[in-house]
Amino acid sequence: MRLSRSLSITSLSGLPLWEEESLDVQDLLLFEVSWEVTNKVGGIYTVIQTKAKITVDEWGENYIMMGPYYEHNFKTQVEKCEPPNQAIKAAMDSLINNGCQVHFGRWLIEGSPYVILFDIGAAAWNLDRWKGDLWNACSIGLPYHDREANDSLVFGSLVAWFFKELTDQLQDKPNVIAHFHEWQAGTGLVLSRSRKIPLATVFTTHATLLGRYLCAGNADFYNNLDKFNIDQEAGERQIYHRYCLERAAVHCAHVFTTVSQITAVEANHMLHRQPDVVTPNGLNVRKFSAMHEFQNLHSMNKAKIQEFVRGHFYGHLDFNLEKTLFFFIAGRYEFSNKGADLFLESLSRLNYLLRVQKSDVTVVVFFIMPAKTNNFNVESLKGQAVRKQLWDTAQSVKEKFGKRLYESLLRGEIPDMSKILDRDDFTIMKRAIYATQIVFHPEFLSSTSPLLPMDYEEFVRGCHLGVFPSYYEPWGYTPGECTVMGIPSVTTNLSGFGCFMEEHVSDPSEYGIYIVDRRFRSADESCNQLTQFMFSFCQQSRRQRIIQRNRTERLSDLLDWRYLGRFYMHARHLALSRSFPGKFKMDHLNLAPVSLSHSLRCTLMQSFSSITDNGNMIDCCTP
């Protein structure tokens, strides 16, 4: 197998580690601030949840997450406890004594990190005063009707207030690092810097606000990055104030990071700052690890999907399920951004090719995109009930057949097969068959669903190919999850995951990662390329697919937080050197060897550019 790059992850240019004695975490506190701490909204929840274990392993009790308080989430996801650090407790008490509600506990995920959660509603009476503080700090005004922006201001004001109380308690030791995710948390960063609170700050954007809006509006985004009038575009979409908050956070942070090279290019144009570090999104690979069992899990879960298909198509089942492939697409219901439009057109062309080639392969495609629904389709429920009735009928007749056959053999007789089943048995089977003339489609993915009772992970393991031809995808967890479960996938060179694989694996398609070129080809050419990928996949034999799944699974370690977490380490170290240059210097950095657990050889090359940071506030309302 060709792998042109000979360097391994043991020598990662741009992945420096500090000498162990140079960075004593006992003399530091690390806070990670996000709107999605214990509060699942989107993909950032997956990032911080899966990264928690390796961060806790490194920082122990000196790592604390911060987010908004929601009563239901707190009761179901958090174990309440007292802060182990007296300075943290004193800072919380100061807010509580001034009429705010602050909660502390352990988040019940792997690693059990500490969390501080701020009650937004209980502090909302301060909103008008805090709007004035924000305007005085950076000339950004928030409209009264934007609930999300107002909530982010309340949240950010509470976070900045907490950090002021905390650093007053700590004085100069330990030093504090605060890592903020996305614009909703960025207000806390802006206010902290304007008040000259002694923090080392990192800001990560997982997708730019304006980029998502422009792509959703079918703009030719990547070919016009340098042509957009950013302020005008934000104003026309009535998100100018949000854009200003995002841009202010970006320029106030000591270190600015984003999740992929493609988003770094976008951020440079949209937010006018080149990211200092690219921090790719990883996964807790051990959670998905099945060692040599992942092939068996594929077969087992494929059988469950086959049962669903029998219920969906029975009465119209004119194809062989043993020669049927299951493809799927999953993600937000963003028709163009997620590439659903390209996928549908490619499926039409694939159908034509399969018919022309007189292929005996059938492809069944699932669209897993949550949308508003009122209830299950009655015909869908009926179809699954009929399938179950057919199965129960077959089991009942089989039991009678076996018993009569056994009794006949005991008597030393060769049974008369025409008499082994009676008239009632034939009547029962006919009634079951006549009830199957329906067609329906699934709506939900859950182990409790009466339609397709499978969790998402089980479903992915049972499919043959994940197809994610996104136009706008700053990272893309769905193909990454396919990879660690040994399921081949299609991605694009406009997704962070696709760019990452294209850069670091010599021939991704040999490992079951098909990358559609949506950046430098026309839509029609990209559609043809996707069609060809799927058609080539359909031509593989079962043995070839098994071999390919083995190769795909071998890429898992490349996506593990144990390795990708080092980018976050570097960002934190860089922030310390910029905020406390007298105590932390970058020349303390060195490279430490890390090796992959298998023979995959690849290069992770990442250059980090520096910017000067004089700590001055910016007026984000000027271009």
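Residues numbered from 1 in each chain as written. Predicted model: local features only at pLDDT ≥ 70, side-chain atom pairs only at ≥ 80, totals over all residues. Heavy atoms only, no water.

Looking at an unreviewed UniProt entry, one finds the protein chain named Glycogen [starch] synthase, with Cyprinus carpio as its source organism. UniProt annotates the protein chain under Sequence similarities (unreviewed entry) with the comment "Belongs to the glycosyltransferase 3 family." (UniProt positions renumbered as here; feature names shortened; annotations may be inferred.)

1. Examining the overall build of the protein chain
Within the protein chain, the secondary structure is distributed over 22 helices and 16 strands. The contacts of the protein chain with a sequence gap of at least 6 include a subset with a gap of at least 24, amounting to 75%. (Helix = DSSP H or I, 4+ residues; strand = E, 2+ residues; numbered from the N terminus. Contact = heavy atoms within 4.5 Å.)

2. Focus: the pattern of salt bridges
Enumeration according to the criterion identifies 27 salt bridges in this entry. Ionic contacts of the salt-bridge type, sharing partners, join the residues Asp146, Glu148 and Arg242 into one network. (Salt bridge = Lys/Arg side-chain N within 4 Å of Asp/Glu carboxyl O.)

3. Side note on the packing of aromatic side chains
Under the defined criterion, the tally for this structure stands at 29 aromatic pairs. Between Phe328 and Phe468 the ring centres are 5.5 Å apart and the planes differ by 80°, which places this aromatic pair in the edge-to-face class. Taken together, the residues Phe328 in strand β11 (residues 324-330) and Phe468 in the loop between β13 (465-467) and α18 (477-484) connect sequence positions 140 residues apart. A relative accessible area of 0% means that Phe328 is categorised as buried. (Phe/Tyr/Trp six-rings, centres within 6.5 Å; stacked < 30°, edge-to-face > 60°. Buried < 20%, exposed > 50% of the residue type's maximum accessible area, 1.4 Å probe, protein only.)

4. Examining the sheet that holds β11
Across the sheet, which stays open at both edges, the five strands sit in the order β12-β11-β13-β14-β15 with parallel pairing between neighbours. Every other strand in the sheet has two partners, leaving β12 (362-368) and β15 (513-516) as the edge strands with one partner each. For this sheet the average axis-to-axis angle between neighbouring strands, irrespective of direction, equals 25°. As paired elements, β11 and β12 share seven bridges and run parallel to each other. Along β12, the bridge assignment pairs Phe328 with Phe366. Packed on one face of the sheet, α18 meets β11, β13, β14 (489-492) and β15 and runs near 145° to β14. (Pairing = 2+ DSSP bridges. Axes fitted to C-alpha atoms, helices over the stretch in contact; angles between N-to-C directions.)

5. Examining a nonpolar patch on the surface
On the surface, Tyr333, Phe335, Leu344 and Phe367 cluster together into a nonpolar patch covering about 400 Å² of accessible area. Inspection of the secondary structure puts Tyr333 in the loop between β11 and α13 (340-356). Of the residues examined, Tyr333 reaches a relative accessible area of 55% and is grouped as exposed. (Patch = residues over 30% accessible without salt bridge, like charges linked within 9 Å, V, L, I, M, F, W, Y side chains within 5 Å. Areas by Shrake-Rupley, 256 points an atom, 1.4 Å probe, with all protein chains shown as cover.)

6. Concerning the nonpolar core
Membership of the largest hydrophobic core comes to 96 residues, with the highest contact counts inside it found for Val309, Phe327, Phe328, Phe366, Phe459, Met501 and Met534. Ignoring anything within four residues of it in the chain, the contact list for Met501 reads Pro508, Ile513, Ile515, Leu555, Leu558 and Leu559. Leu29, Phe155, Val159 and Tyr243 belong to the second-largest nonpolar core, a separate cluster that totals 77 residues. (Core = buried A, V, L, I, M, F, W, Y, C linked by side-chain atoms within 4.5 Å.)

7. A look at the packing of helix α3 (residues 86-97) against helix α5 (residues 147-170)
At a closest axis distance of 8 Å, the pairing of α3 and α5 adopts a crossing angle of 135°. In terms of axis orientation, α3 runs oblique to α5. When you trace α3 past α5, the crossing you get is right-handed. Residues Ala87, Ile88, Ala90, Ala91, Met92, Ser94 and Leu95 of α3 lie in contact with α5, whose contacting residues are Leu158, Trp161, Phe162, Glu165, Leu166, Gln169 and Leu170. (Parallel < 35°, antiparallel > 145°, perpendicular 65-115°, else oblique. Left-handed = near helix turned anticlockwise from the far one by under 90°.)

8. A few points about unusual backbone geometry
Residues other than glycine seldom take positive phi values, yet Ser112 does so here, at roughly 45°. With respect to the helices and strands, Ser112 occurs in the loop between β5 (102-107) and β6 (114-118). Of note in this structure, Glu182 is not a glycine but carries a positive phi near 70°.

9. Some remarks on helix α4 (residues 127-138)
For α4, built from twelve residues, the straight-helix expectation of 16 Å at 1.5 Å per residue is met to within 8% by its first-to-last C-alpha distance of 16 Å. Among all positions in α4, only Leu127, Trp130, Lys131, Leu134 and Cys138 are buried. Relative to the axis of α4, the buried residues are bounded by an arc of 110° and lie together on one face. Opposite the packed face of α4, turned more than 90 degrees from it, sit the exposed residues Asp128 and Asn136. Residues of α4 that are buried sit in contact with α5, α6 (182-194) and α9 (240-252). Immediately downstream of α4, the backbone of Ser139 shows phi near 60°, a positive value. (Expected span 1.5 Å × (residues − 1). Arc of directions from axis to C-beta.)

10. A short note on the pairing of β14
Because side chains alternate across β14, one face comprises the buried residues Ser489 and Thr491, and the other comprises Val490 and Thr492, equally buried. Sheet topology places β13 next to β14; two bridges connect them, and they run parallel. Opposite Val467, over in β14, you have Val490 as the bridge partner. Note on the crossover from β13 through α18 to β14: the handedness is right-handed. As judged from the four bridges shared by β14 and β15, these two strands associate in the parallel manner. Bridging across to β15, Thr492 finds its partner in Val516. Crossover connection from β14 via helix α19 (residues 496-504) to parallel β15: handedness right-handed. (Right-handed = clockwise from strand over helix to strand, strands pointing away.)

11. Concerning the environment of Tyr240
With respect to the element layout, Tyr240 can be found in helix α9. With 30 residues separating them along the chain, Tyr240 and Leu210 place their C-alpha atoms 9.1 Å apart. Separated by 3.2 Å, the side chains of Tyr240 and Asp231 make a polar contact. (Polar contact = N/O pair within 3.5 Å; in protein donor to acceptor, adjacent residues only side chain to side chain.)

12. Section: the state of the cysteines
Across all of its chains, the model carries zero disulfides by this definition. Of the cysteine sulfurs around Cys463, a residue in no disulfide, the closest is that of Cys482, at 8.1 Å. (Disulfide = S-S within 2.5 Å.)

13. Digging into empty space enclosed by the protein
Take a probe with the size of a water molecule and roll it over the atoms, and the empty space left behind shows itself. Counting across every chain of the model gives two cavities of 30 Å³ or more. If you trace the second largest cavity, you find it lined by Phe468, Ser470, Glu473, Trp475, Gly476, Thr478, Pro479, Thr491 and Ser495. Of the residues contributing to the lining of the second largest cavity, the split by class is three nonpolar, five polar and one charged. (1 Å grid on protein atoms, 1.4 Å probe; cavity = no way out; pocket = protein on both sides within 12 Å on 5 of 7 lines; lining within 4 Å. Points joined across faces, edges and corners; volume = space filled by probe spheres on them. Nonpolar A, V, L, I, M, F, W, Y, C, P; charged D, E, K, R; others polar.)

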